Amino acid sequence: MSYTALYRKFRPKVFEDVKGQDHIVTTLKNQINASRLGHAYLFCGTRGTGKTTIAKILARAVNCENPKDGEPCGECDCCKSILEGRSMNVIEIDAASNNGVDNIREIKEAVSYPPTEGSYKVYIIDEVHMLSAGAFNALLKTLEEPPSYVIFILATTEVNKIPITILSRCQRYDFRRITIDVIANRLKSLMDIEGVKAEERALRYVAKMGDGSMRDALSLLDQCLAFNMGADLTYESALDILGVVDNEVFCRFLKQIIAGEVKASIELLDEIVFEGRELGLFVSDFTWYLRNVMLVKENPDMGEVLDISDDALHDMVEVSKDITLPDIMRYIRVFSELSSQMRFSSQKRILLEMAVIKLCKPQMEDDYGSLIGRIEQLENSLPKLVEGSVSQMAQRGEIGAAGVGAASTSTSSANIEPEVKLPEALPEEIKAIAQNWHRITAELTMSLKTQLKQARTTLSEDGKLMLVFRSFEYDRFMANEESNLSEIKKIIAEHIQKDVDIIIKKSSDDKNTDRLYPSILSREDISEKLGGFEITEEED
C-alpha cells in the first residue's frame, strides 16, 4: 500500500479543523448560515496557509444537503462526490499551466449550464496571478456578472500581480502566517494519532522551520520521521536532518566575530560546511539570531516576544553585553546584503568568509559604522597598551614598582598616570574624519560648533586636515585659535585615539569658497550613500 504524505493524510475536511485562520473561517460560516454568499472570492497569502483547503471546504458546504452550523456534513452524496474528486460541480484549475485566453473561454461557455447536482458550480482557480493579460480580460465579464449558481474562488500567493479590475469584483481574504504555537500543537496532536513519540522541543523547531506554513511544517516533519524510522524524534535528530544550526553555534560564532578571531570563525564555518549545512540558510538564520540579540540588547525581558527557551535567552543576554547596538545593526546590514548576493552566486562560501573577515576587521571598511567599530577596538585595547608601556618603563627603571602597580589598575587611586603620546593619524583616517565631520563636531561646545558650521572640511596637499573659513568666520575663529584647536583635537583623539594636525585657511574668494575648496564628501555623495534620502541641515 502506497504511503500518503502527512499534509495530504490530515488535510482538514471541515472548517473546525482549519488552524490559524479563525478570522476567515468565522466569516465564511456566517455567510453560509445567513445564505449571503458572494459570487467571487479572492484568497491570498503565503504558501501552505490553507487557501485551497478552505476553498474545497467552502465548495462542499455550499452544496451540502445537510449543513450543520455552516459545516459540510461529509455524509451526503454531494459531499462524498466532492471529497472523492468525481463531482462535476467543483472544477479545479491550475492557472500556472492553463493561463491562456482559450482556457478562460472554456469556463465562460461551461458556466451557462446549471449544476447537475447540488446548488452551486464552484470554480477554484489556483495561482490565478499566472493568468495572461488576455485571460484576465476574458475572465472579467464572467466574474462581474456570473449566473446565480456559480461561485468563483481565486487563490494566489502574489496578490500584487492581480489587476485592480479583478480585485474590485472579489471579496478578498488575506491568509495569515500560522504562528509557531498553533503549528507545534497541531504537529503534537498528529504525532499522538500516529503513535510516534516526539520531543516538544523538536516539534517546536520543525514548526519554526515551517515559517508560518502548516504544509511546509508537515512536509518537514515527514522528512524527520523518515530519517528516524521507528525511533523517537529528538531535537538533535531534527537539527541533523533539516540542516540547520543551533543557537549555541550562533552564540559561539558571534562571540568569535566580536573578538575579531578570524581563524576561529573560519574554522567554525568549515565545520558547518563539513556537516552539510546549507550556507544560504545559515546566513538567513544567523541574521535572524542577530535580530534577536539586538532586541535583547534593547530590552532583556524579550523572552515571550522572541519565542525562545530560557537558556537561549540567557546566552543572548550575555553575548549582548559584549557588543554595542550600532555594531549589531552593522552586522545585520552586512549579512542582509550577503543573503541577497548569495542567491545568485556559485561561490557562496567565499562570499560568507569575506563577510566574516570584514566584520572581524572593521578597518577594512570606510563607512561610519565601521569607523565606530574601529574606535571601540582601540578603546578596548588601550588599557593593555598603557599597562604594557608602563611595565616596560618600570623595567628600564624610569618609574618605580609602586607606579607599575598603580598604573596597571584602572582605579582612581593610581599613583601615576603616564602620558601616552598618540600616533599621527593616517591620510585615510583623516579622510574618514572629514566624511563624518558633522557627527564628530556635534560633541563640541555650542559656540565652537556654530563657528565650524560654515567651514569647509577637506585635505591639504600633504594629507592634513584643513578647515577653510570665509573672512568673517576666519577672524572669529582665530580670536581663540589655541583653545579652539585644542578642543577640536581633543574630540578627534577621543574618537580615533590618534593625533591630527589641523591647518586653518582663510578663503581668498568668499563667494566661491564651496567651489574652490570642495568637501571630501558632498551632499549628493552622502545622499547616494544613504540610499537616496535628501540631506538637510538642521538648525541647533
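Below, the structure is looked at part by part. (Residues numbered from 1 in each chain as written. Predicted model: local features only at pLDDT ≥ 70, side-chain atom pairs only at ≥ 80, totals over all residues. Heavy atoms only, no water.)

### Points about the sheet that holds strand β1 (residues 40-45)
Across the sheet, which stays open at both edges, the 5 strands sit in the order β2-β3-β4-β1-β5 with parallel pairing between neighbours. Every interior strand has two partners, whereas the edge strands, β2 (90-94) and β5 (171-175), have only one. On average, each strand axis in the sheet is tilted by 15 degrees relative to the strand beside it, whichever way the strands run. Note that β1 and strand β4 (residues 150-156) share 5 bridges and pair parallel. In the sheet register, Cys44 faces β4, and the bridge partner there is Thr156. Along the sheet face, helix α2 (residues 22-34) touches β1 and β5 and points at about 150 degrees away from the line of β5. (Pairing = 2+ DSSP bridges. Helix = DSSP H or I, 4+ residues; strand = E, 2+ residues; numbered from the N terminus. Axes fitted to C-alpha atoms, helices over the stretch in contact; angles between N-to-C directions. Contact = heavy atoms within 4.5 Å.)

### Thoughts on the side chain of Thr142
By the secondary structure assignment, Thr142 is in helix α6 (residues 133-144). Beyond its immediate chain neighbours, meaning those up to four positions away, Thr142 contacts Lys108, Val111 and Phe152.

### Brief notes about the sheet that holds strand β6 (residues 456-459)
Ordered by their spatial adjacency, 3 strands build an open sheet running β6-β7-β8, and the pairing between neighbours is mixed. Edge positions in the sheet fall to β6 and β8 (502-506), since each has one partner strand and no second. Shown here is a sheet whose adjacent strand axes are inclined to one another by a mean of 30 degrees, direction ignored. Taken together, the 5 bridges between strand β7 (residues 465-469) and β8 define a ladder with parallel strand orientation. Opposite Val468, over in β8, you have Lys505 as the bridge partner. Contacts from helix α25 (residues 481-496) reach β7 and β8, with the element oriented near 135 degrees to β8.

### Re the side chain of Glu71
For Glu71, the location among the structural elements is in the loop between α3 (51-63) and α4 (77-83). A polar atom in the side chain of Glu71 sits 2.7 Å from the backbone nitrogen of Phe15. At a separation of 2.9 Å, a polar atom in the side chain of Glu71 contacts the main-chain amide nitrogen of Glu16. If sequence neighbours within four positions are ignored, Glu71 has contacts with Val14, Phe15, Glu16 and Lys29. (Polar contact = N/O pair within 3.5 Å; in protein donor to acceptor, adjacent residues only side chain to side chain.)

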